[in-house]
Structure formats: C-alpha cells, structure tokens
Amino acid sequence: MPDLILFSVVSLRKLSPPFYQTTSIHIRVLSHEDSEAVAYLFEKSIEEGGATGWDNNSVRDLIQTGGFGFVAEIRNTVIGACIVLPAGEDAEILNVATDLNHRRLGAAYILLRSALSAARSSGFNRMILEVADDNFAAKSLYNAFGFKKIGLRQAYYKRGTQAVDAQVLALELKPSL
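Below is a short write-up of the structure. (Residues numbered from 1 in each chain as written. Predicted model: local features only at pLDDT ≥ 70, side-chain atom pairs only at ≥ 80, totals over all residues. Heavy atoms only, no water.)

**A closer look at the pairing of strand E4 (residues 77-87)**
Then, number 1: Strand direction decides the pairing type here: strand E3 (residues 68-74) and E4, joined by 7 bridges, are antiparallel. Note that in E4 the partner of Gly69 across the bridge is Ile83.
Then, number 2: Here E3 folds back onto E4 in antiparallel fashion, the turn holding 2 residues, of which Arg75 has a positive phi close to 50 degrees.
Then, number 3: Direction of pairing for E4 relative to strand E5 (residues 90-98): antiparallel, over a ladder of 8 bridges. Bridge assignment links Gly80 to a residue of E5, and that residue is Thr98. (Pairing = 2+ DSSP bridges. Helix = DSSP H or I, 4+ residues; strand = E, 2+ residues; numbered from the N terminus.)

**Brief notes about the environment of Ala39**
Then, number 1: Tracing the sequence through the fold places Ala39 in helix H1 (residues 35-46).
Then, number 2: Assessed through its relative accessible area of 6%, Ala39 is described here as buried.
Then, number 3: Each C-alpha atom, one on Ala39 and one on Asn56, is 5.2 Å from the other, the two residues being 17 residues apart in sequence.
Then, number 4: Setting aside residues up to four positions removed in sequence, Ala39 forms contacts with Trp54, Asp55, Asn56 and Val59. (Buried < 20%, exposed > 50% of the residue type's maximum accessible area, 1.4 Å probe, protein only. Contact = heavy atoms within 4.5 Å.)

**Overview of helix H3 (residues 107-121)**
Then, number 1: When the terminal C-alpha atoms of H3 are compared, their 21 Å separation across 15 residues agrees well with the 21 Å that a helix rising 1.5 Å per residue should span.
Then, number 2: Inspection of H3 places Ala107, Ile110, Leu111, Leu112, Ser114, Ala115, Leu116, Ala118 and Ala119 among the buried residues, and these make up the whole buried set.
Then, number 3: One or two positions beyond H3, positive phi appears at Gly123, with a value near 90 degrees. (Expected span 1.5 Å × (residues − 1).)

**Details of the pattern of salt bridges**
Then, number 1: Enumeration over the complete set of coordinates arrives at 5 salt bridges.
Then, number 2: For Asp90, the salt bridge is made with Arg126, and the minimal N-O distance between the two is 3.1 Å. Residue Asp90 is found in strand E5, and its partner Arg126 is found in strand E6 (residues 126-132); the two are separated by 36 residues along the sequence.
Then, number 3: Asp90 gets classed as buried once you look at its relative accessible area, which sits at 14%.
Then, number 4: Among the salt bridges present, the one from Glu130 reaches Arg153, with a minimum N-O distance of 2.4 Å. Of the two residues, Glu130 sits in strand E6 while Arg153 sits in strand E7 (residues 148-159), which places them 23 residues apart along the sequence.
Then, number 5: Since its relative accessible area comes to 17%, Glu130 is described here as buried.
Then, number 6: One salt-bridge network, in which partners are shared between bridges, spans Arg28, Asp34 and Glu73. (Salt bridge = Lys/Arg side-chain N within 4 Å of Asp/Glu carboxyl O.)

This is how it looks when you write it as structure tokens:
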C-alpha cells in the first residue's frame, strides 16, 4: 500500500544570482517502516546537540504504544521527523530533527505544523516540549508558533563534559474561554 502523502511543498533555495534550487518536500505520517531511518536521523542530530537515547527499537516502541509523528522526505529519503507522545491531556514533542544537509528548507516548520494540527484534532489541550538553551534555531522556530516558557530543567542536556539547561515550553491548543 502506498504511503499517504499529507501534502507536498516546494522550497526555494537561493544560489548565486539569478539561480534558485527548488526542492519538493513531502510530509507523511510516521510508520513502523520509518523507525530505522528516523532513529538514524535522530542519532545524527545528537552530534549536533540533539537528545540522546534514540535507536530503532525506541522509535518502533514509541509508535506501538500510541506515539505519533510525521516524516519529511525528498525523493523518498527521510530528511526530517517529528515524534509526539500523548501525555494525558497534553501532547509532548519528544524530538524534531532535520538532516544537516537539508536545513533551511522549511521541513522542521512543516513537521511542527503537522504535529500541532494532529494534536489539536485529537483533542489535546496543549503541546509541550523541552529545548536546549543553546539551540537558538529551534527556540526561534518554537517562538514563531507561540510557544511560551513554563519551566527550566537545569543541566538536562550534556555537551561532552558540559551541561546545558533545557527550557520547557508549552503551547495552548484549545482557545481559552
């Protein structure tokens, strides 16, 4: 059975004038078959300061126990992923990552927008996540969606021998009355 593509976008990357590179990014629902590619993507993001502990089994187990998410593909290659775990009335983003060679194309933005839309339509009250205090690109992305800081986890991430704090962010998904 073919994968259901939720939508496709074309990204323009400016090269030296007057040239542009166009790239079609397809977004689809995360499936069991993606666990190896997503685990590899997440593992690679560790080298750039991402969260540790992701392997093929952890991604597969998360999907089997109610987690959901989306993958971004270019020419049938996974270049980005977002995984969400239901947590009572909240949904928690456990990881969002984009392959280093495919950044600045909008994949993370589209993945996050897809996750928020799915969480809203599933009836969750808010989306929560942790982000490393030194991950300025991710914090900028979350700020663009309206996430607000609700807490701080000191020394949550490790960068070699150095500890980095994590900001806990939240976004209300249901309008307040």
